[in-house]
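Spelled out, the chains give:
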Amino acid sequence: MSGSSSSSDAGEEEDFYIQCDAPNCNEWHEGSTLSPPITPLLASTYETWHCPSCIPYHGPSKVKSLTSTRQGLRKKRRIEYIKLNDPAALLQSESNNIGVAANDVQEIDFRAKLELRRKKGMFRQGGAGCCIQVSSGKNEFTTTHVDQHGFNQPVLFTSQLPYQIGLKVPGKDGTAPFSFDTVAKLVGPYRKTQVIDTATQLTTEYTLQEWVDYLNTPEKERTRILNVITLEYSQTPLGRLVTEPQFAREVDFVNQCWPKTMDDLQRIVDHCDDSNNNNKTKKKTLSDNGHDNDNGGDDNSSKTSEEEEDLADLLKELHEEIPRVSKYCLMSAAGSYTDFHVDFGGTAVWYHVYFGQKIFYFIEPTPKNLKIYSEWATNGTAASGGGGGGSKKSSNANAFLPDLITSAGGDVFEVYLKKGQTMFIPSGWIHAVFTPKDSLVFGGNFVHRHSLEMQLTIFRLEKKMRVGKDYKFPFYQKLMWYVAWDFLKQRDDLMVQIQDKDVKNVMGREQQVIQLISGKYPNHVLLGYKALAKELESWSRSKQKTNTDQFPEHMDVAKVAIQLGELLTKCVAHIGVNPKKEKTKLKQDKKEAKIKLGKKRQNSQISQKKPVITPIKSSSSPPANKICKVEGCSQYKRSKCDGYCATHYREQLSLQSGGDGIDYHAIPPPGRGCKVDGCNKYKKSKCDGYCLMCFRASCLKTPRRPSSKRVG
């Protein structure tokens, strides 16, 4: 047996203990608490036994062999390319979550697809209109900056060193080079991770050592292009070598709101008990009036000890449930591609390219684009029978998302990330990633207060798309309850501070608290919390198991939701913001910005040389009150052109804009302009290829044909 055992009663299996055989561990574990439970009979079948915390580093436990032939680690390690070369075998993998048939698996050359659309000019290059590029050495992207300007666009740090934005990464202080092998050594060579096949976008599972062996294979000898993007390492030695950027740490709800101490839990209990105690105060006073309880002290002490034990157990559970999504390691082979997606729960992302290169393709999360994305994302499974969809959805099952977005009038932005650059991706942005060369990336996800409305929108979208539990943000709803409680806790703290100064003026205290909260948070944050309060009220009334399972213990969720809603209603009324008008204004601003950007792009395509326009002289001059006011011009003046004809009015606009020789009015595309040389107007229907003005002039030059009607 690999581990020794000790038991007070040999006949009782629940008292059986087993010792880990891993070097430098040797810890004892109770057999009944392990998963699966270890009994003396099962322990006798092991040659060496490793505890769960040692398996990633020392491999699984070894079972005694029936023959003298030693198998396993002494055998030369081989990479299992077979199950990746055969899509049918890949579909049988336990880690695969896509319920499609083997004959529906298609291999797609995403590199060729992207290159073809790049040549067609479908992608907006350089991130113009998409990314905010920061090139100065200072860390300008702080919570103060985001409070003022929001966080609605990706932010790219082009030249900042990691420490300048509060990011700590390994291997930058003169130590040994940091490579894929180092990652496997620190995280655990036997740690299993999901591997994505680029051609099919399906997943399988490998140990990190197998994955590193694949990456160390020369690129020309690789039969498949693979990608790892879900390796979470916060609880490993690598987690101590990497620290998230300062902004991500300061605004992350998991760091700020998730209970971590007994005091945090006790305060939640006290807050929820206040309402119950207030309702029972009168009955309790009447029953206790004139009666002394001699054993009251002992009862209170026993209740206190029991409550402390309950809180300790609850704190232990919360420590195990805490969402660990802030540190991910991404290792990608050259040519790998991650298809368009939105990060779970609408989380924001920090992304640092340690070495290699990445190309991002961004789509703004407008309601129209999100609707197209959700339909596209569900069509793959619906068309093949996995999602229960019909023939209506199967038309776009094999479509490429950029084609659908651009055909609907949207934009797809292309942004390059080089070695040493860092990017922040805001909540909800749809994106895909292509890897031109082998890359190692450190990144992480975080939920924050600046995009609460978008995060809740993505949460509802995931529910509508029926995203699997393993691909959602862990304990998202429970986190939102603690976020709401944290906001109410700030209100209570302010009430106590003001109460110390002015005890009598109760109504004044409440108004002062509302003023302080409204001044502390910007408008978009208060509107986000108001949206959260509305969502929490619907969750508190729900009886679905998916919602009730994430109600925090010892918290009165209905009370928290109601109080948050009342507080935010008063705060929003105080700042005088109408949420509906605010959304309408935001849509109008985006629409105007898009129109201006479209005009700018159209003007950039116009030749820098000013076209030579020959004025049209009609045979008969117009009346004096209808002639262009430019001396020598015999054209009619146009309405809303300040007394000029159209030709001279455009010249005046060009001079007013700086005289750069560019015609700032739209020029008709080939085939749609007037056929008169130098005329910039669209041709009119039934005018023989002329615009209306030139057609009139041509009619004056051409004699009218005699009428063919008979008189009689």
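This text follows the structure it describes.
Not measured: the values here are computed from a predicted model.

Some thoughts on the environment of Lys-520
Next, step 1: Mapped onto the fold, Lys-520 is located in helix H17 (residues 506–520).
Next, step 2: Given the relative accessible area of 53%, Lys-520 is considered exposed.
Next, step 3: With 373 residues separating them in the primary sequence, Lys-520 and Asp-147 have C-alpha atoms 9.6 Å apart.
Next, step 4: For Lys-520, the side chain forms a polar contact with the side chain of Gln-490, separated by 3.0 Å.

Some thoughts on the packing of aromatic side chains
Next, step 1: Within the structure shown, the criterion is met by 32 aromatic pairs.
Next, step 2: Considering the side-chain rings of Phe-344 and Phe-473, the 5.7 Å spacing of their centres and the 85 degrees angle between planes classify their relative orientation as edge-to-face. With Phe-344 in the loop between strand S12 (337–341) and strand S13 (348–363) and Phe-473 in the loop between helix H15 (452–465) and helix H16 (476–501), this residue pair connects regions lying 129 residues apart in the sequence.
Next, step 3: Given the relative accessible area of 5%, Phe-473 is considered buried.
Next, step 4: Counting every residue linked through ring pairs, the aromatic cluster contains Phe-141, Phe-151, Phe-157, Phe-247, Phe-424 and Phe-446.
Next, step 5: Positioned over the ring face of Tyr-214 is Arg-222, at 5.3 Å from the centre of the ring.

Side note on unusual backbone geometry
Phi is mostly negative for residues that are not glycine, and the peptide bonds are mostly trans.
Next, step 1: In this structure, Arg-466 is a non-glycine residue whose phi angle is positive, near 60 degrees.
Next, step 2: Mapped onto the fold, Arg-466 is located in the loop between H15 and H16.
Next, step 3: With a phi angle near 55 degrees, Asp-642 is a residue other than glycine that sits in the positive phi range.
Next, step 4: The residue Asp-642 is located in the loop between helix H21 (579–604) and helix H22 (646–656) in this model.

Observations regarding the side chain of Asp-252
Next, step 1: Residue placement: Asp-252 occurs in the loop between helix H9 (246–251) and helix H10 (253–257).
Next, step 2: The side chain of Asp-252 is buried and forms no salt bridge, while Lys-260, the nearest opposite charge, is found at 8.1 Å.
Next, step 3: When sequence neighbours within four positions are dropped, the list of residues in contact with Asp-252 reads Phe-446 and Val-447.

Looking at a negative patch on the surface
Next, step 1: A contiguous patch of negative charge on the surface is contributed by Asp-270, Glu-306, Glu-307, Glu-308, Glu-309, Asp-310, Asp-313, Glu-317, Glu-320 and Glu-553.
Next, step 2: When residues in the negative patch are grouped by element, the largest group, eight residues, is from helix H12 (residues 296–321).

Brief notes about the pattern of salt bridges
Side-chain pairs of opposite charge can arise whenever the charged atoms involved come near each other.
Next, step 1: What the rule picks out here adds up to 15 salt bridges.
Next, step 2: Lys-489 is the partner of Asp-486 in a salt bridge, and the nearest nitrogen-oxygen pair spans 3.7 Å. Note that Asp-486 and Lys-489 are positioned in helix H16 at a spacing of three residues, about one turn of the helix.
Next, step 3: The buried category is assigned to Asp-486, whose relative accessible area is 13%.
Next, step 4: Via salt bridges that share partners, Glu-107, Asp-197 and Arg-224 belong to a single interconnected network.

Quick word on the state of the cysteines
Next, step 1: Evaluation of the coordinates by the stated rule reveals zero disulfides.
Next, step 2: Cys-645 supplies the cysteine sulfur nearest to Cys-641, a cysteine that is in no disulfide, at a spacing of 8.4 Å.

Considerations on the packing of H15 against helix H18 (residues 523–541)
Axes are the key here: two packed helices are described by the angle between their axes and the distance separating the axes.
Next, step 1: The geometry of H15 relative to H18 is characterised by a closest axis approach of 8 Å and an angle of 35 degrees between their N-to-C directions. On H18, the residues that touch Leu-452, Glu-453, Leu-456, Phe-459 and Arg-460 of H15 are Leu-527, Gly-528, Tyr-529, Ala-531, Leu-532, Glu-535 and Trp-539.
Next, step 2: Split into classes, the residues belonging to the contact of H15 with H18 amount to eight nonpolar, one polar and three charged.

Things to note about the environment of Gly-356
Next, step 1: By the secondary structure assignment, Gly-356 is in strand S13.
Next, step 2: Apart from the residues lying within four places of it in its own chain, the contact partners of Gly-356 are Lys-418, Lys-419, Lys-437, Asp-438 and Ser-439.

What to know about the packing of H18 against helix H20 (residues 557–575)
Next, step 1: Following both chains from N to C, one finds H18 and H20 inclined at 150 degrees, their axes separated by 8 Å at the closest point. Here H18 is positioned roughly antiparallel relative to H20, judged by the angle of their axes. The hand of the H18/H20 crossing is left-handed. Residues Asn-523, Leu-526, Leu-527, Tyr-529, Lys-530, Ala-533, Leu-536, Glu-537 and Ser-540 of H18 pack against Val-557, Ala-558, Ala-561, Ile-562, Leu-564, Gly-565, Leu-568, Thr-569, Val-572 and Ile-575 of H20.
Next, step 2: Residue composition of the contact of H18 with H20, by class: 13 nonpolar, four polar and two charged.

Conventions we followed
- Residues numbered from 1 in each chain as written.
- Predicted model: local features only at pLDDT ≥ 70, side-chain atom pairs only at ≥ 80, totals over all residues.
- Heavy atoms only, no water.
- Helix = DSSP H or I, 4+ residues; strand = E, 2+ residues; numbered from the N terminus.
- Buried < 20%, exposed > 50% of the residue type's maximum accessible area, 1.4 Å probe, protein only.
- Polar contact = N/O pair within 3.5 Å; in protein donor to acceptor, adjacent residues only side chain to side chain.
- Phe/Tyr/Trp six-rings, centres within 6.5 Å; stacked < 30°, edge-to-face > 60°.
- Lys NZ or Arg CZ within 6 Å of the ring centre and 35° of its normal.
- Lys, Arg positive; Asp, Glu negative; His and termini not counted.
- Salt bridge = Lys/Arg side-chain N within 4 Å of Asp/Glu carboxyl O.
- Contact = heavy atoms within 4.5 Å.
- Patch = residues over 30% accessible without salt bridge, like charges linked within 9 Å, V, L, I, M, F, W, Y side chains within 5 Å.
- Areas by Shrake-Rupley, 256 points an atom, 1.4 Å probe, with all protein chains shown as cover.
- Charge placed at Lys NZ, Arg CZ, Asp CG, Glu CD.
- Disulfide = S-S within 2.5 Å.
- Axes fitted to C-alpha atoms, helices over the stretch in contact; angles between N-to-C directions.
- Nonpolar A, V, L, I, M, F, W, Y, C, P; charged D, E, K, R; others polar.
- Parallel < 35°, antiparallel > 145°, perpendicular 65-115°, else oblique.
- Left-handed = near helix turned anticlockwise from the far one by under 90°.

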